[in-house]
Amino acid sequence: MTTNDEPDTRHRRPEGVDDATVEALGKLSEALEIVEQARGQLYAFHRLTGAADLALGESVELLRDAGHDGLASRIEEVLVGRNVIDGRWTFQIVEEYDDGYYSAFREAEASARSQLVEGRRHLFEAEMKEDRRSHGRPGHEAVPPGR
């Protein structure tokens, strides 16, 4: 009979891997998760800035419709379509981040896991789950039913 009270092999440390290595990889995984969150914020910045530029363009048209051509023209010339930093719109910032820092970070984390724990992910968290859960209790299973 198969039970779901033991973690699957993907979340068990390979033979010979010590606590210090699991802890270090856990901290590396935590750092990557923070970078993932930062990347999400960067994409939010990209989307919000784009939405602001489109709303700004609409406001310029509304100002013109209301007879404020001079003001509309000044706002349009200064702000509509303006770079957010020298030579870049937000999509260019996102691309540089993704292709540079983000890509290098993901590769380094994956490489460390590959070299040290056969590529297994979240070993620190999996062991924390085993330590904290109440074995044999409903809602505390190691894996989903049928695994």
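That block above? That's the structure.
Let me begin by describing the structure that accompanies this report. (Residues numbered from 1 in each chain as written. Predicted model: local features only at pLDDT ≥ 70, side-chain atom pairs only at ≥ 80, totals over all residues. Heavy atoms only, no water.)

Some thoughts on the pattern of salt bridges
Turning to step 1, where the next piece is worked out: Tallied over the entire structure, the rule returns 13 salt bridges.
Turning to step 2, where the next piece is worked out: For Arg10, the salt bridge identified is with Asp8, shortest N-O distance 2.9 Å.
Turning to step 3, where the next piece is worked out: Its relative accessible area of 42% is what places Arg10 among the partly exposed residues.
Turning to step 4, where the next piece is worked out: Residue classification places Asp8 among the buried positions, given a relative accessible area of 17%. (Salt bridge = Lys/Arg side-chain N within 4 Å of Asp/Glu carboxyl O. Buried < 20%, exposed > 50% of the residue type's maximum accessible area, 1.4 Å probe, protein only.)

Structural notes on the packing of helix α1 (residues 19-65) against helix α2 (residues 69-78)
Turning to step 1, where the next piece is worked out: Where α1 contacts α2, the axes come no closer than 8 Å and their chain directions differ by 160 degrees. Considering their axes alone, α1 and α2 lie roughly antiparallel with respect to each other. As α1 packs across α2, the resulting crossing turns out to be left-handed. On α2, the residues that touch Leu56, Val60, Leu63 and Arg64 of α1 are Asp69, Leu71, Ala72, Ser73, Ile75 and Glu76.
Turning to step 2, where the next piece is worked out: Split by residue class, the contact of α1 with α2 holds six nonpolar, one polar and three charged. (Axes fitted to C-alpha atoms, helices over the stretch in contact; angles between N-to-C directions. Helix = DSSP H or I, 4+ residues; strand = E, 2+ residues; numbered from the N terminus. Parallel < 35°, antiparallel > 145°, perpendicular 65-115°, else oblique. Left-handed = near helix turned anticlockwise from the far one by under 90°. Contact = heavy atoms within 4.5 Å. Nonpolar A, V, L, I, M, F, W, Y, C, P; charged D, E, K, R; others polar.)

Brief notes about the packing of aromatic side chains
Turning to step 1, where the next piece is worked out: Using the criterion set out here, one finds four aromatic pairs in the structure.
Turning to step 2, where the next piece is worked out: Summarising the aromatic geometry, the rings of Tyr97 and Tyr102 are spaced 6.4 Å apart at their centres and angled 20 degrees between planes, so their arrangement reads as stacked. One exposure class covers both Tyr97 and Tyr102, and it is buried.
Turning to step 3, where the next piece is worked out: Relative to Phe105, the ring of Tyr101 has its centre 5.7 Å away and its plane inclined at 70 degrees; by these criteria the two rings are edge-to-face. Remark: Phe105 and Tyr101 occur in helix α3 (residues 90-117); sequence separation between them is four residues, near one turn of the helix. (Phe/Tyr/Trp six-rings, centres within 6.5 Å; stacked < 30°, edge-to-face > 60°.)

Observations concerning helix α4 (residues 123-132)
Turning to step 1, where the next piece is worked out: Within α4 the residues assigned to the buried category are Leu123, Ala126 and Glu130. When α4 is viewed along its axis, its buried side chains cluster within an angular range of 65 degrees and face the same direction. Residues of α4 that are exposed and point more than 90 degrees away from the buried face comprise Asp131 and Arg132.
Turning to step 2, where the next piece is worked out: Looking at the buried residues of α4, the elements they touch are α1 and α3. (Arc of directions from axis to C-beta.)

Focus on unusual backbone geometry
Turning to step 1, where the next piece is worked out: The backbone of Glu118 sits at a positive phi, close to 55 degrees, despite the residue not being glycine.
Turning to step 2, where the next piece is worked out: Among the structural elements, Glu118 can be located in the loop between α3 and α4.
Turning to step 3, where the next piece is worked out: Since its relative accessible area comes to 59%, Glu118 is described here as exposed.
Turning to step 4, where the next piece is worked out: Residue His122 is not a glycine yet carries a positive backbone phi of 55 degrees.
Turning to step 5, where the next piece is worked out: Inspection of the secondary structure assignment puts His122 in the loop between α3 and α4.
Turning to step 6, where the next piece is worked out: Note on His122: relative accessible area 35%, which makes it partly exposed.

A closer look at the side chain of Ser29
Turning to step 1, where the next piece is worked out: With respect to the helices and strands, Ser29 occurs in helix α1.
Turning to step 2, where the next piece is worked out: Apart from the residues lying within four places of it in its own chain, the contact partners of Ser29 are Glu109, His122 and Glu125.

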